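Residues per chain are reported as follows:
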Amino acid sequence: MNVEYHNDAADKLDGYKDLDDDLLEAYDKAIDKLWEDSRELFLRSTFLRPPGSYVVEVFVPGRSTDDHYYFFWVEEPGNVAFIRAVATTKTKIV
């Protein structure tokens, strides 16, 4: 599956390169599963509207379970996973 990013999502991930290597690695591992066209349930277990939209919780090993990280993606024509947002529980999504 091809993976594309909304500019804001790409910027957020780029920002983690300098600030939080562990978090960036956790996101990369989950997003790599989309590239591999994995059918792992965690990628598609939380459905949103419109149909074909999903939220994936990202876990950082050794980090508190109070810290929650997510990315929101939608399946688009042409076998594309479009990542619309990267967020934490503290992120306001508009």
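As a reminder, the structure under discussion sits directly above these lines.
Heads up: these notes are all about the structure in this document. (Residues numbered from 1 in each chain as written. Predicted model: local features only at pLDDT ≥ 70, side-chain atom pairs only at ≥ 80, totals over all residues. Heavy atoms only, no water.)

## Regarding the environment of S45
So, step 1. Secondary-structure assignment places S45 in the loop between α2 (21-35) and β2 (47-48).
So, step 2. By relative accessible area, S45 is classed as partly exposed at 48%.
So, step 3. Residues S45 and G62, 17 residues apart in the sequence, show an inter-C-alpha distance of 24 Å. (Helix = DSSP H or I, 4+ residues; strand = E, 2+ residues; numbered from the N terminus. Buried < 20%, exposed > 50% of the residue type's maximum accessible area, 1.4 Å probe, protein only.)

## A short note on the layout of surface pockets
So, step 1. Empty space within the second largest pocket amounts to approximately 150 Å³.
So, step 2. Together, D22, E25, A26, K29, A30, F42, E57, V58, F59, V60 and P61 line the second largest pocket.
So, step 3. Looking at the lining of the second largest pocket, the elements with two or more residues in it are α2 and β3 (53-58).
So, step 4. For the lining of the second largest pocket, the element with the most residues is α2, which contributes 5 residues.
So, step 5. Across the lining of the second largest pocket, the residue classes break down as 7 nonpolar, no polar and 4 charged. (1 Å grid on protein atoms, 1.4 Å probe; cavity = no way out; pocket = protein on both sides within 12 Å on 5 of 7 lines; lining within 4 Å. Points joined across faces, edges and corners; volume = space filled by probe spheres on them. Nonpolar A, V, L, I, M, F, W, Y, C, P; charged D, E, K, R; others polar.)

## A word on the pattern of salt bridges
So, step 1. Tallied over the full model, the rule gives 6 salt bridges.
So, step 2. K33 serves as the salt-bridge partner of E40, at 3.1 Å between the closest nitrogen and oxygen.
So, step 3. In this structure K33 comes out as partly exposed when scored by relative accessible area, which is 25%.
So, step 4. Between R44 and E75 there is a salt bridge; the shortest N-O distance is 3.8 Å. Here R44 is found in the loop between α2 and β2, whereas its partner E75 is found in strand β4 (residues 69-76), with 31 residues between them in sequence. (Salt bridge = Lys/Arg side-chain N within 4 Å of Asp/Glu carboxyl O.)

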